[in-house]
Structures are given as C-alpha cells and as structure tokens.
Amino acid sequence: SQQGEEDPQALSIQEGENATMNCSYKTSINNLQWYRQNSGRGLVHLILIRSNEREKHSGRLRVTLDTSKKSSSLLITASRAADTASYFCATDGKGAQKLVFGQGTRLTINP
Amino acid sequence: EPEVTQTPSHQVTQMGQEVILRCVPISNHLYFYWYRQILGQKVEFLVSFYNNEISEKSEIFDDQFSVERPDGSNFTLKIRSTKLEDSAMYFCASRGYVATGELFFGEGSRLTVL
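Quick summary incoming for the structure in this document. Quick caveat, the model's predicted, so the values are computed rather than measured.

**A short note on the sheet that holds strand E8 (residues 71-76) of chain A**
Residues and elements named next belong to chain A.
Here is step 1: The five strands are arranged E1-E3-E8-E7-E6 in an open sheet whose pairing can be described as antiparallel. The open sheet is flanked by strand E1 (5-7) and strand E6 (55-58), the only strands paired with a single partner. In this sheet, neighbouring strand axes are inclined to one another by 15° on average, regardless of whether the strands run parallel or antiparallel.
Here is step 2: Across four bridges, the pairing between E6 and strand E7 (residues 61-66) is antiparallel. Within E7, the residue paired with His 57 across the bridge is Arg 62.

The structure is reproduced here in structure tokens:
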C-alpha cells in the first residue's frame, strides 16, 4: 500500500518553539501534501511538494522531501497556541487519483 | 471563497437503516471523493468519482455503499443498510481540473449508528 506513516503520533511543545513532524511512505509519488485538522473539523490543505522538489516554504511552514528515503518532514517555526491541531501527510501516487493519508500527528502548543 | 458543503452535519440512525450523506463540491471541480475518519483515527479513502463514474474505490466501499451525482451540483454517498462500525465522520472532497493537487474538504458529516 501507498500509505504514509507519521511520527511522532503526538507532540507537545511550548509556544514559540519549533515543531517537526515526519512522514514516510512506500510507493512512488507525484507529490506529497500536508493537511491540518482542527478537532472535529474538516481537513485544510497546507502545502504541496512535488516529487522533483526537495524543499518548500510557506510562511512559517517548511517542508522537505527525500524521495530516496521516501520521507518528508514538516517544520512549523515559532509555534503559536492556534497551531494546536492534527497534521496529516498525504501522498498522490503515480497512476492513482486518490490521496492516501498517514496516521497524523497530534500537535499541542502550550501557552 | 468557494467551499465544499456537506449535509447533515450529524445524523443518528438505527442499525440496518439507509443513510444518504450529501455534498456540494466546488462548482468547477471535476474530481470528487468520499473519505471517512473513525474517531481519532486516520483518514481513510472510500471512493473517487470522475466523469460520472467511479474511478477508484477501496475495500471499505463494498456493495452497501454507492455514490451518485444526480445533477450538476450534488454528490451523494448512500449506505444501504448501516452497521455499527459505519459510525464515523464522513468527508467529501473535490479537486479541480487535474487528478493531482490540492483536495478541498467539507466540514464532514458525523454518522452515529445505534
């Protein structure tokens, strides 16, 4: 299966610190995406990185992709209490139309 | 900003009853999806729909499930005879003109089967 696995499953840090979440996947991909989900809400797209890209930035987000290791990381810098949410990586496999989601990381930012 | 809307937000039903969950995808999108999330767990793919037919489905999407796009705007998920294990949050999502790229999700429909 294509599905990604994320670690850690849960992360609790102090406001202002950086948060790093990792994702691994199994098959060839077109792109890898990160989504955020507030408790009981829908998923919101954060950032997409294509298979031929190694790093991408968007505001306080930095995503890296290592296709040789089939892994990605999401870094949130200068975290805020409002960043508290679950974060999911999702892969767009070659030849597939669906996104496959990882297990997610539950991030808690303590004020 | 365009958004995906889902109704109902919460439905409680008895085991064995039929349920229809409704979605209005973003109007110019061509690819439509249903995902489900059992409380606190991963987001699982159910089915994708393109050009008025199912393009891919998961093992979860058995004969009890069906999807329909009855008109130009609605996209529905029907569960014919609900089971206790169907209790979950069901998310509709849509995508634009290409099969890859960002998915836009609705806020979900919580289904509780008693």
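**Topic: the side chain of Ser86(A)**
Residue and element names in this part refer to chain A.
Here is step 1: Here Ser 86 shows up in strand E9 (residues 85-93).
Here is step 2: On the basis of relative accessible area, Ser 86 is assigned to the buried category, the value being 18%.
Here is step 3: Once residues within four sequence positions are removed from consideration, Ser 86 is found in contact with Tyr 35, Arg 36, Gln 37, Thr 105 and Arg 106.

**Details of the state of the cysteines**
Here is step 1: The final tally for this structure, using the stated rule, is two disulfides over all chains.
Here is step 2: The disulfide that involves Cys23(A) links it to Cys89(A), with 2.0 Å between the sulfurs. Looking along the S-S bond of the Cys23(A)-Cys89(A) disulfide, the torsion reads about 65°, which is the right-handed sense. Taken as a pair, Cys23(A) in strand E3 (residues 19-24) and Cys89(A) in strand E9 lie far apart in primary sequence, 66 residues in all.
Here is step 3: Accessibility expressed as a relative area gives 2% for Cys23(A), which makes it buried.
Here is step 4: According to the relative accessible area criterion, Cys89(A) is buried, its value standing at 1%.
Here is step 5: Here Cys23(B) engages in a disulfide with Cys92(B); their sulfurs sit 1.9 Å apart. Here Cys23(B) and Cys92(B) share a disulfide; its torsion about the S-S bond, -65°, makes the bridge left-handed. With Cys23(B) in strand E3 (residues 19-24) and Cys92(B) in strand E9 (residues 88-95), this pair connects stretches of sequence that are 69 residues apart.

How each quantity is defined
- Residues numbered from 1 in each chain as written.
- Chains lettered and ligands numbered in written order.
- Predicted model: local features only at pLDDT ≥ 70, side-chain atom pairs only at ≥ 80, totals over all residues.
- Heavy atoms only, no water.
- Pairing = 2+ DSSP bridges.
- Helix = DSSP H or I, 4+ residues; strand = E, 2+ residues; numbered from the N terminus.
- Axes fitted to C-alpha atoms, helices over the stretch in contact; angles between N-to-C directions.
- Buried < 20%, exposed > 50% of the residue type's maximum accessible area, 1.4 Å probe, protein only.
- Contact = heavy atoms within 4.5 Å.
- Disulfide = S-S within 2.5 Å.

That is the geometry; function is a separate question.
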